[in-house]
Structures are given as C-alpha cells and as structure tokens.
Amino acid sequence: MRKVYKHFVNEQVDEVVVSTLSKQFYQSGYDIGKLMHSIFSSEWFYAPPNMGNRIKSPIEFTAGLMRTVDMKFDQPMGMLFIQRALGQILFNPPNVAGWPGGKTWIDNSTLMLRLNLPGYLFNATEFSLRTKGEFEDETREKGGRRLSNTLNMAPLSGSVKGSSANDIAAELAKYLLSAQPALPIESYTKELAATDRESIIRQMTLRLMTLPEYQLWLRLMA
C-alpha cells in the first residue's frame, strides 16, 4: 500500500492514511477499483502538500506533451528514441521492481533534454538525439539520432477562450502547470514575437512547457 501511496499521492508517506487504505482494501476483497476511487475522491488527495509534488515520468511527460499539441513523429521509431534518452522505455522496466521514479528521473542530461524538448518539437526542425545505454552498439552513442515531427495546435487553440496575451497565458498556465509559475504571469508574455491570437497561443504554450513547473505531475481539483 505504501507503494501505491508513493506513486499516486506523495513520496512522503502518511502512515495513518496508508493504514486506513489497507483496511479498506482488505475489506473490499482486494478490489483495485474501489481502492483507486477511495484515493482519488478523498479530500487529503487534493490537500496542498499533495499537489504538484511528483516529477512526471518520461512517459507521462512525453505523452502529455504529445496529446496537448496533437504531435506525431515522422519516423515510427521517434518516440522510442526519446524514451531511451529520457530513461524509460514503455513495457521494458530495468528489473521486476520497475523504475525507481521520483527524483531519479532527473539528472544532468535528462533535465536539459526535458526542458529543451518542447522547443525542439515546436520548431518542427530536425534535432540530434543521443541515446543512453545502447550497449549493443556503442557507435550509436556518438552519432545520436535525427528526428522530425509535426504538431497540430488547432484543438488546443479552440479550447482557449482568452483574447489578450495575459489572459491566454493565465488560462494556459492553469491548464498545463501543476502550480503557479514562479513569476507573475505577465512576465511570460513580454517580448512575444507573435501578434495574432493563434501565434500567441503557440508561443505561450511553448514557454510554459519549458518551465520547471511543467515537469511536475498535474492534478486537477475534484
């Protein structure tokens, strides 16, 4: 039960809550559905200490980015290369215990890639992607990969109601970020090259996705 709590709630375990969940889980006949419903519908799940405290796994990070801007890779293996570079290949854990998670997702190389990846993808230009751990072919480490992609901003743009740059930025920040950005929202709309609404939405989405707050798991209030 502690693993469930750490994964979905907080790495700092509340033993009282874990004990209660364990009893409920036992009494339900080990019904996973009821356990998840109990967690997600509880007030403590949305308490301030449990909001925006988890670092997104590489899969959560890239899947969220791709869905938000309807992104597709031109090469079928593009997503696999990014997963390898970020340290998590879907359905291929390092051992039976799975991935450690938490702060282990971030190191000197993966942090920079996570912060820069939205910019690479939004610019729709090819970029070199170095992968890690390909022991079967060490020459791949030196050459890297060159990937390209396309994205469609129409679905996101259609959901944004604001018209001014500040209103658009505030709306997107609430949608994309797990916490308020460190600076006032007006600070992120300065020196925008865009003037039309669609371009403003595109540029503000990119700016917000490169913030540290975007690296944290977004939890919507009930």
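We now turn to the structure provided with this report.

What counts, and at which threshold
Residues numbered from 1 in each chain as written. Predicted model: local features only at pLDDT ≥ 70, side-chain atom pairs only at ≥ 80, totals over all residues. Heavy atoms only, no water. Axes fitted to C-alpha atoms, helices over the stretch in contact; angles between N-to-C directions. Helix = DSSP H or I, 4+ residues; strand = E, 2+ residues; numbered from the N terminus. Parallel < 35°, antiparallel > 145°, perpendicular 65-115°, else oblique. Left-handed = near helix turned anticlockwise from the far one by under 90°. Contact = heavy atoms within 4.5 Å. Nonpolar A, V, L, I, M, F, W, Y, C, P; charged D, E, K, R; others polar. Phe/Tyr/Trp six-rings, centres within 6.5 Å; stacked < 30°, edge-to-face > 60°. Lys NZ or Arg CZ within 6 Å of the ring centre and 35° of its normal. Core = buried A, V, L, I, M, F, W, Y, C linked by side-chain atoms within 4.5 Å. Buried < 20%, exposed > 50% of the residue type's maximum accessible area, 1.4 Å probe, protein only. Polar contact = N/O pair within 3.5 Å; in protein donor to acceptor, adjacent residues only side chain to side chain. Expected span 1.5 Å × (residues − 1). Bend = angle between axes of the 7 residues up to and from the residue. Salt bridge = Lys/Arg side-chain N within 4 Å of Asp/Glu carboxyl O.

Comments concerning the packing of helix α9 (residues 165–176) against helix α10 (residues 197–209)
Next, step 1: One way to put it is that α9 packs onto α10 with a least axis distance of 10 Å and a crossing angle of 45°. The orientation of α9 with respect to α10, classified from their angle, is oblique. In terms of crossing hand, the pair formed by α9 and α10 is right-handed. Contact residues: A165, I168, A169, L172, A173 and L176 in α9; R197, I200, I201, M204, T205, L208 and M209 in α10.
Next, step 2: In terms of residue class, the contact of α9 with α10 is made up of 11 nonpolar, one polar and one charged.

Things to note about the packing of aromatic side chains
Next, step 1: Counted by the stated rule, this structure contains seven aromatic pairs.
Next, step 2: Here F8 and F40 contribute two aromatic rings whose centre-to-centre distance is 5.7 Å and whose plane-to-plane angle is 75°, an arrangement assigned as edge-to-face. Residue F8 is located in helix α1 (residues 2–8), and its partner F40 is located in helix α3 (residues 32–40); the two are separated by 32 residues in the primary sequence.
Next, step 3: Chaining the aromatic ring pairs together yields one cluster made of F8, F40, F45 and Y46.
Next, step 4: Over the aromatic face of W217 sits the side chain of R54, whose NZ or CZ is 4.5 Å from the ring centroid.
Next, step 5: Across the ring face of F61, the terminal group of R114 is positioned such that the distance to the ring centre comes to 5.0 Å.

Brief notes about the nonpolar core
One broad rule of soluble globular proteins: the nonpolar side chains tend to lie buried together.
Next, step 1: Residues L65, L172, M204 and L208 are the most contacted members of the largest nonpolar core, which totals 36 residues.
Next, step 2: Mapped by element, the contributors of at least two residues to this core are α4 (58–68), α5 (78–86), α6 (108–122), α9 and α10.
Next, step 3: Per-element tally for this core: the top contributor is α10, with six residues.
Next, step 4: L21, F25, M36 and Y46 belong to the second largest nonpolar core, which has 11 residues in total.

Concerning the side chain of T68
Next, step 1: Here T68 shows up in helix α4.
Next, step 2: Classification of T68 as buried rests on a relative accessible area of 12%.
Next, step 3: Here the side chain of T68 touches G64 through a polar contact of 2.7 Å, landing on its backbone oxygen.
Next, step 4: Every residue in contact with T68, bar those within four places of it in the chain, is listed here: L156, Y175, L176, M209 and Y214.

What about α6?
Next, step 1: In a regular helix each residue adds 1.5 Å, so 15 residues correspond to 21 Å; α6 covers 23 Å between its end C-alpha atoms and thus fits that length.
Next, step 2: Most pronounced at N116, the bend in α6 amounts to some 40°, and the proline P118 follows within four residues.
Next, step 3: Within α6, the full set of buried residues consists of T110, L113, R114, L117, P118, G119, L121 and F122.
Next, step 4: The residue sitting at the N-terminus of α6 and contributing the capping side-chain oxygen is D107; that oxygen lies 2.8 Å from the backbone nitrogen of T110.

Notes on the environment of S38
Next, step 1: Position of S38 among the secondary structure elements: in helix α3.
Next, step 2: Each C-alpha atom, one on S38 and one on Q24, is 8.7 Å from the other, the two residues being 14 residues apart in sequence.
Next, step 3: Look past the residues within four positions of S38 in its chain and what remains in contact with it is L21 and Q24.

Some thoughts on the pattern of salt bridges
Next, step 1: Applying the stated criterion across every chain, the model contains four salt bridges.
Next, step 2: The partner of R2 in a salt bridge is E15, and the shortest N-O contact between them spans 3.0 Å. Of the two residues, R2 is situated in helix α1 and E15 in helix α2 (residues 15–27); the sequence distance between them amounts to 13 residues.
Next, step 3: Taking the relative accessible area as the measure of exposure, E15 reaches 42% and is therefore partly exposed.
Next, step 4: Salt-bridge contacts for E198 lead to R197; the nearest nitrogen and oxygen are separated by 3.7 Å.
Next, step 5: Under the relative-accessibility criterion, E198 is labelled partly exposed at 44%.
Next, step 6: On the accessibility criterion, R197 (27% relative accessible area) is partly exposed.

Section: the packing of α4 against α6
Next, step 1: Between α4 and α6, the shortest axis-to-axis distance is 12 Å and the interhelical angle comes to 25°. Between α4 and α6, the interaxial angle falls into the category roughly parallel. Relative to α6, α4 is oriented so that their crossing is right-handed. Mapping the contact onto sequence places P58, F61, T62 and L65 in α4 and R114, L117, P118 and L121 in α6.
Next, step 2: Residues of the contact of α4 with α6, tallied by class, amount to six nonpolar, one polar and one charged.

Functional significance is not addressed by these values, which are geometric in nature.
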